[in-house]
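In case you want the letters, here they are:
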Amino acid sequence: MRRRALLVLEDGTTLEGTAFGAEGTAFGEVVFNTAMTGYHEVLSDPSYTRQIVVMTSVHQGNYGIAAPDAESGGLHPTAFVVRDASRIASNHRATSTLPETLAASGVVGVAEVDTRLLTRRIRDRGALRGAVSSETLDAATLLDAVREQPEMTGSDLATPVTTTEPYDVPATAAPSRGGEPYRVVCLDFGLKRNQLRLLTAHGCDVTVVPATTPAAEVLARRPDGLFCSNGPGDPAAVLGPIRAIRDVVAAGVPTFGICLGHQLLGLAAGARSYKLPFGHHGVNQPILHLARGTIEIASHNHGFALDADSLPGPEGRLGAVEATHVNLNDGTNAGIALAERPAFSVQYHPEAAPGPHDSQYLFDDFAALIAAARAGEDR
């Protein structure tokens, strides 16, 4: 039996569709994702906390849900919006269907809506707050509730999704340059599992710690490297970790940041961040590597960026910061490196889950940075 659902944006846009997944009402910032596949990884990405995800590719759920593909322990968007939701799974690896998984995880879904209209509306007007409901079918009531929801700007969402206790993930391979595994501390701002897989495959024994871990505790572990993960929310609101990253980098620890970790490294060095009009969400963004002159197709999921004009010079808190990568779609900053410290970061997701593998060399670069620091200590 067809269940009705409403989707309402804060500008008054209202669409009626068919409910699937969990019953209820969900609020969040509405964003669109241009990936043609990888909906399970999208749903299990903590960076989508407090967001309603609209998939631009028409058919979703065709291959079901395979438990090993999850990028975290749960689903994080508040709601999922698609044009067509498959009720069956055509995949021998599937452990459940998309509607079953959404229902079990409490995520409200709506299908049979004009996702092209929604995408154009968000692209033209910017990310908007919205609601999806299968229980409140009065548009005016939903609109009033939507306009009472908090903005994404100023929201620290990394702290609620971080691990509550430290845990260890051992290396699955020896370092390519030999020797004992690298000791890497990972600040978890909304970590994706494939980042851990790639770090451990590059010879790293990883200790994952809560986002709020102070620098003194990180340094007490005598790490060979610091990894700053992706995560949701406004980087400027994550004040404690900014200070911690600044102090660890100042101590000379090789550091690699991804997505929110990239933004936090930039803020720690003295740069500024800002809210993008509608963010970058998808697996097909072209990125220019400035030094090499090469172009990578990269996976993205973020709504904030570093202001390239604010990157500090030699007088900065951690010395000069150089831009290393640029998003060719809109010219925004996509990577930085510190000139006087062994630290770098990128705005996008080189672990690519989902997405292309063009950028996985960055994990090699991190391992090389650690090896060089080790060699310096040995001398």
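Residues numbered from 1 in each chain as written. Predicted model: local features only at pLDDT ≥ 70, side-chain atom pairs only at ≥ 80, totals over all residues. Heavy atoms only, no water.

## Here we look at the nonpolar core
Ranked by size, the top nonpolar core spans 31 residues in total, and within it Leu187, Phe189, Leu226, Ile245 and Leu264 carry the most contacts. For this core, the elements supplying multiple residues, two or more each, are strand 11 (182-188), helix 7 (215-220), strand 13 (225-228), helix 8 (239-250), helix 9 (260-269) and strand 18 (333-338). With six residues, the top contributor of residues to this core is helix 9. Beyond its immediate sequence surroundings of up to four residues, Leu187 is in contact with Val209, Pro210, Ala211, Thr213, Val218, Leu226, Phe227, Cys228, Ser229 and Ile245. Counting residues in each nonpolar core, the second largest holds 28 residues, with Val206, Phe256, Val346 and Tyr348 among its members. (Core = buried A, V, L, I, M, F, W, Y, C linked by side-chain atoms within 4.5 Å. Buried < 20%, exposed > 50% of the residue type's maximum accessible area, 1.4 Å probe, protein only. Helix = DSSP H or I, 4+ residues; strand = E, 2+ residues; numbered from the N terminus. Contact = heavy atoms within 4.5 Å.)

## A few points about the side chain of Gln60
Relative to the elements of secondary structure, Gln60 occurs in strand 5 (residues 59-60). Residue classification places Gln60 among the buried positions, given a relative accessible area of 1%. In this structure the side chain of Gln60 is engaged in a polar contact, spanning 3.1 Å, whose partner is the backbone oxygen of Ser57. For Gln60, the contacting residues outside a window of four places in its chain are Ala35, Tyr39, Met55, Val82, Asp84, Ala85, Ser86 and Leu98. (Polar contact = N/O pair within 3.5 Å; in protein donor to acceptor, adjacent residues only side chain to side chain.)

## A word on the sheet that holds strand 3 (residues 25-33)
The strand order around the closed barrel built from seven strands is 1-2-8-6-4-3-9, with neighbouring strands paired in mixed fashion. On average, adjacent strands in this sheet sit at an angle of 35° to one another, irrespective of strand direction. Sheet analysis places strand 1 (residues 4-9) next to strand 9 (residues 128-133), joined by four bridges and oriented antiparallel. The residue of strand 9 that forms the bridge with Val8 is Ala131. Docked against the sheet, helix 4 (residues 139-146) engages strand 1, strand 2 (14-21), strand 3 and strand 9, running at close to 45° with respect to strand 1. (Pairing = 2+ DSSP bridges. Axes fitted to C-alpha atoms, helices over the stretch in contact; angles between N-to-C directions.)

## Points about the pairing of strand 13
Burial along strand 13 is two-sided: the residues Gly225 and Phe227 and Leu226 and Cys228 are all buried. As paired elements, strand 11 and strand 13 share four bridges and run parallel to each other. Considered in strand 13, the bridge of Val184 is made with Gly225. In this structure, strand 13 lies alongside strand 14 (residues 255-258), joined through three bridges in parallel fashion. Bridged to Phe227 within strand 14 is Phe256. A crossover links strand 13 with its parallel partner strand 14, the connecting element being helix 8, and its sense is right-handed. (Right-handed = clockwise from strand over helix to strand, strands pointing away.)

## Some points on the pattern of salt bridges
Across all of its chains, the model carries 15 salt bridges by this definition. Across the pair Asp224 and Arg183 runs a salt bridge whose closest N-O atoms are separated by 3.7 Å. Of this pair, Asp224 sits in the loop between helix 7 and strand 13 while Arg183 sits in strand 11, and the two are 41 residues apart along the sequence. Owing to a relative accessible area of 40%, Arg183 belongs among the partly exposed residues under this scheme. Two residues, Asp307 and Arg272, come together in a salt bridge whose shortest N-O distance is 3.3 Å. Remark: Arg272 occurs in the loop between helix 9 and strand 15 (273-289) and Asp307 occurs in the loop between strand 16 (294-306) and strand 17 (321-327); sequence separation between them is 35 residues. (Salt bridge = Lys/Arg side-chain N within 4 Å of Asp/Glu carboxyl O.)

## Observations regarding helix 3 (residues 115-125)
Within the sequence span of helix 3, burial applies to Thr115, Leu118, Thr119 and Ile122. Each buried residue of helix 3 lies within a common arc of 100° when the element is viewed along its axis, so the set occupies one face. Helix 3 presents Arg116, Asp124 and Arg125 as exposed residues on the side facing more than 90 degrees away from its buried surface. On its buried face, helix 3 is in contact with strand 1, strand 2, strand 3, strand 4 (51-55), strand 6 (79-81) and strand 15. Sitting at the amino-terminal end of helix 3 is Asp114, which places a side-chain oxygen 3.2 Å from the backbone nitrogen of Arg116. (Arc of directions from axis to C-beta.)

## What about the layout of surface pockets?
What the largest pocket holds in volume is close to 280 Å³. At the level of elements, strand 10 (167-169) and helix 6 (193-201) are the ones that each hand at least two residues to the lining of the largest pocket. If you tally residues by element for the lining of the largest pocket, the top one is helix 6, at four residues. (1 Å grid on protein atoms, 1.4 Å probe; cavity = no way out; pocket = protein on both sides within 12 Å on 5 of 7 lines; lining within 4 Å. Points joined across faces, edges and corners; volume = space filled by probe spheres on them.)

## Points about the packing of helix 8 against helix 9
Two elements in contact, helix 8 and helix 9, have axes separated by 8 Å at closest approach and are oriented at 70°. Compared by their axis directions, helix 8 and helix 9 come out roughly perpendicular. Across from Pro241, Ile242, Ile245, Arg246 and Val249 in helix 8, the residues of helix 9 making contact are Leu264, Leu265, Leu267 and Ala268. In the contact of helix 8 with helix 9, the residues fall into eight nonpolar, no polar and one charged. (Parallel < 35°, antiparallel > 145°, perpendicular 65-115°, else oblique. Nonpolar A, V, L, I, M, F, W, Y, C, P; charged D, E, K, R; others polar.)

## What to know about empty space enclosed by the protein
As enumerated under the stated definition, the model contains two cavities of 30 Å³ or more in all. A volume near 130 Å³ is recorded for the largest cavity. In terms of lining, the largest cavity is formed by 16 residues, of which the most central are Gly231, Pro232, Gly233, His302 and Gly303. Elements with a contribution of two residues or more to the lining of the largest cavity: helix 9 and strand 16. With four residues, strand 16 is the single largest residue contributor to the lining of the largest cavity. By residue class, the composition of the lining of the largest cavity is five nonpolar, ten polar and one charged. In this structure, the second largest cavity occupies an estimated 80 Å³ of space. Lining of the second largest cavity is provided by 14 residues; of these, Asp45, Ser299, His300, Asn301 and Pro354 occupy positions nearest its centre.

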